[in-house]
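# Structural features, examined
If you want the building blocks of each chain, they are given just below.
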Amino acid sequence: MSAVAAAIDAARNEGRGALIGYLPIGYPDLETSIEAAVTLAEAGVDILELGPPYSDPVMDGPVIQEATNAALEAGFRMRDTFTAVREVASRTDIPVLVMTYWNPVVQYGVSRYADDLRAAGGAGLITPDITPDAAADWLAESARTGLDRVFLAAPSSTDARLEMIVRETTGFVYTVSTMGITGERAQLDAAARALVSRLREHGAERACVGIGVSNADHVRSVLEYADGAIVGTALVRALRDGGLDGLAAAARELVAGTVRE
């Protein structure tokens, strides 16, 4: 069992759901982004999702785009991804996933990327813009290196595509709560609950819901039917507005929402 799957199962055995926290690498600078990730782990987040900045972030909302643009302007380089993962993994005992668009991986070299991520202590990749049928190289390299490959399922996905996603995903299926970009929403789309049910029908053992999950009430709601909740924008906003202390407070509040009644 992968470290990611084990973390989700451990939370389940404790009577709660898993909390997955996203932060961009290099925001507001590399050193602070590393400290921010460690802060999330210390606050009780179960799995970290670190995002290398990308110049064309088609899935990201304005808060995350603002942060990743700032990181790029500050001089982020691809090697910083592995530096951040290495530092965070050495200082925490929770899995560290990288959320990356696919083009940077191809540019770097899929095999080289997999080797460097594993060497840094990373747990795997979340790849929002590539589907399993277009990811033969990554399927092979993740199998070779033991890295998790987390694919996304959307409310619009056909049953055939869900079947393929469940078959090829390891760790958990990233369940998109609603069509659109990341960001805080007043109310989560009910389609998320239906999508998790469909994924269960296709054999998904672990499904975690992201996109729009932004407060403890959202986390509680999601964990009524899913195995984990993924929070990004709210944490990036907390870091932006309140620094590491504000981030820690926001993370603790979210963690409190993971306990099932």
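Before any of the text, the structure's been laid out above.
A short tour of the structure in this document, coming up. Values in this document were obtained by computation on a predicted structure and should not be read as measured data. (Residues numbered from 1 in each chain as written. Predicted model: local features only at pLDDT ≥ 70, side-chain atom pairs only at ≥ 80, totals over all residues. Heavy atoms only, no water.)

### Section: helix H3 (residues 62-73)
Across its twelve residues, H3 extends 16 Å between first and last C-alpha, which sits within 8% of the 16 Å expected from 1.5 Å per residue. Turning to H3, its buried residues are Val63, Ile64, Ala67, Thr68 and Ala71. Along the long axis of H3, the arc covered by the buried residues comes to 125°, so they all point the same way. Of the exposed residues in H3, those oriented more than 90 degrees away from the buried face are Pro62 and Glu73. Just downstream of H3, glycine 75 is the residue with a positive phi angle, here 105°. (Helix = DSSP H or I, 4+ residues; strand = E, 2+ residues; numbered from the N terminus. Expected span 1.5 Å × (residues − 1). Buried < 20%, exposed > 50% of the residue type's maximum accessible area, 1.4 Å probe, protein only. Arc of directions from axis to C-beta.)

### Topic: the pattern of salt bridges
The full count for this structure, using the stated rule, is 18 salt bridges. In this structure, the salt-bridge partner of glutamate 168 is arginine 167, at a minimum N-O distance of 3.6 Å. Look at glutamate 168 and you get buried, because its relative accessible area is 19%. Classification of arginine 167 by relative accessible area gives exposed; the value is 53%. Here the salt bridges share partners, and the residues they tie into one network are Asp9, Arg12, Arg200, Glu205, Arg206 and Asp227. (Salt bridge = Lys/Arg side-chain N within 4 Å of Asp/Glu carboxyl O.)

### Digging into the packing of helix H2 (residues 30-43) against helix H11 (residues 233-256)
Axes are the key here: two packed helices are described by the angle between their axes and the distance separating the axes. The N-to-C vectors of H2 and H11 enclose an angle of 15°; their axes lie 8 Å apart at closest approach. Put simply, H2 runs roughly parallel to H11. Two packed elements cross with a definite hand, and for H2 against H11 that hand is right-handed. For the pair H2 and H11, the contacting residues are Thr32, Glu35, Ala36, Thr39, Leu40 and Ala43 in the first and Leu235, Leu239, Leu244, Leu247, Ala248, Ala251, Arg252 and Val255 in the second. (Axes fitted to C-alpha atoms, helices over the stretch in contact; angles between N-to-C directions. Parallel < 35°, antiparallel > 145°, perpendicular 65-115°, else oblique. Left-handed = near helix turned anticlockwise from the far one by under 90°. Contact = heavy atoms within 4.5 Å.)

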